[in-house]
Amino acid sequence: MESGMDCSEPTPRVNFDIMQRYVGRKVRLVCKVEEWSGDSLKASTCDGQTVFIKPKQGSQYDTAFVEIEGVVENNTTVQEDSYTPFGDSFDMKNYNQLCVLSNGPVKEIFL
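Along every chain, residues carry numbers that run from 1 in the direction the sequence is written. Given that this is a predicted model, residues contribute local features only at a pLDDT of at least 70 and side-chain atom pairs are listed and counted only at 80 or more, while totals for whole chains, interfaces and linings are drawn from all residues. Side-chain numbers come from the whole structure's heavy atoms, not from hydrogens or water.

The chain goes by Replication factor A protein 3 in an unreviewed UniProt entry, where it is assigned to Chloropicon roscoffensis. Here the chain is described in UniProt, under the heading Sequence similarities (unreviewed entry), as follows: "Belongs to the replication factor A protein 3 family." Of the comments in the UniProt record for the chain, the one headed Subcellular location (unreviewed entry) reads "Nucleus". UniProt positions are given in the numbering used here, feature names are shortened, and annotations may be inferred rather than shown by experiment.

Now the structure itself:
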């Protein structure tokens, strides 16, 4: 039975540290919205670092935490392809551990 889901290139979940390995590639990054600055967003990652998000036109992050799916442009910037609101309360410490595990010694159990 075929599921129809393409798992040949899964999108990794990253924190700031792990994001550095993925410049030029698509990732998923959960961050806390800090402030808008012109056409970019300043945000905090689950490992306590600062990143900048370049949102797609029309994106409106109306919760404190969002998951950004996008391409890492450089070591501090992600160009958003899509986003998912994660609400106003989210355990960043646990999410950081998920990022470490899913990119580390047990990464084969994650898609």
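Turning to the sheet that holds strand β3 (residues 50-54), a few remarks are in order. In spatial order, the strands read β1-β2-β3-β5-β4; together these 5 strands close into a barrel with mixed pairing. Neighbour to neighbour, the strand axes of the sheet diverge by 55° on average, direction disregarded. Pairing analysis gives 4 bridges linking strand β2 (residues 40-45) to β3, with the strands arranged antiparallel. Paired with K42 across the bridge in β3 is F52. Contacts are residue-level and defined by heavy atoms, with any inter-residue pair within 4.5 Å sufficient. Only the stretch in contact is used when fitting a helix axis, every axis being a line fitted to C-alpha atoms; angles between N-to-C directions are given from 0 to 180 degrees. Numbered from the N terminus, helices here are DSSP runs of H or I no shorter than four residues, and strands are runs of E no shorter than two. Contacting β1 (26-37), β2 and β4 (65-74), helix α2 (residues 92-102) crosses the sheet at an angle of about 150° to β1. Pairing between strands is defined by DSSP: at least two bridges between them are needed.

Note that a disulfide, as used here, is simply two cysteine sulfur atoms within 2.5 Å. With the rule as written, the count across this model stands at 0 disulfides. Considering cysteine sulfurs only, C46 is the nearest to C31, which forms no disulfide, with 9.6 Å between them. No disulfide involves C99; its nearest neighbouring cysteine sulfur is the one of C46, lying 4.2 Å away. Between buried and exposed lies partly exposed: a residue is buried under 20% and exposed over 50% of the maximum accessible area for its type, with that area taken using a 1.4 Å probe on protein chains only. By relative accessible area, which is 0% here, C99 ends up buried.

What follows covers the nonpolar core. Where a protein is soluble and globular, its nonpolar side chains tend to be buried together. Core analysis: the largest hydrophobic core is formed by 25 residues, its most contacted members being M19 and I53. Elements with a minimum of two residues in this core: α1 (16-19), β1, β2, β3, β4 and α2. In terms of residue count, the dominant contributor to this core is β1 (5 residues). The contact partners of M19, leaving out residues within four places of it in the chain, are V14, L29, V51, V72, N74, N75, T76, T77 and V78. Residues grouped as a nonpolar core are buried Ala, Val, Leu, Ile, Met, Phe, Trp, Tyr and Cys residues, joined through side-chain atoms within 4.5 Å.

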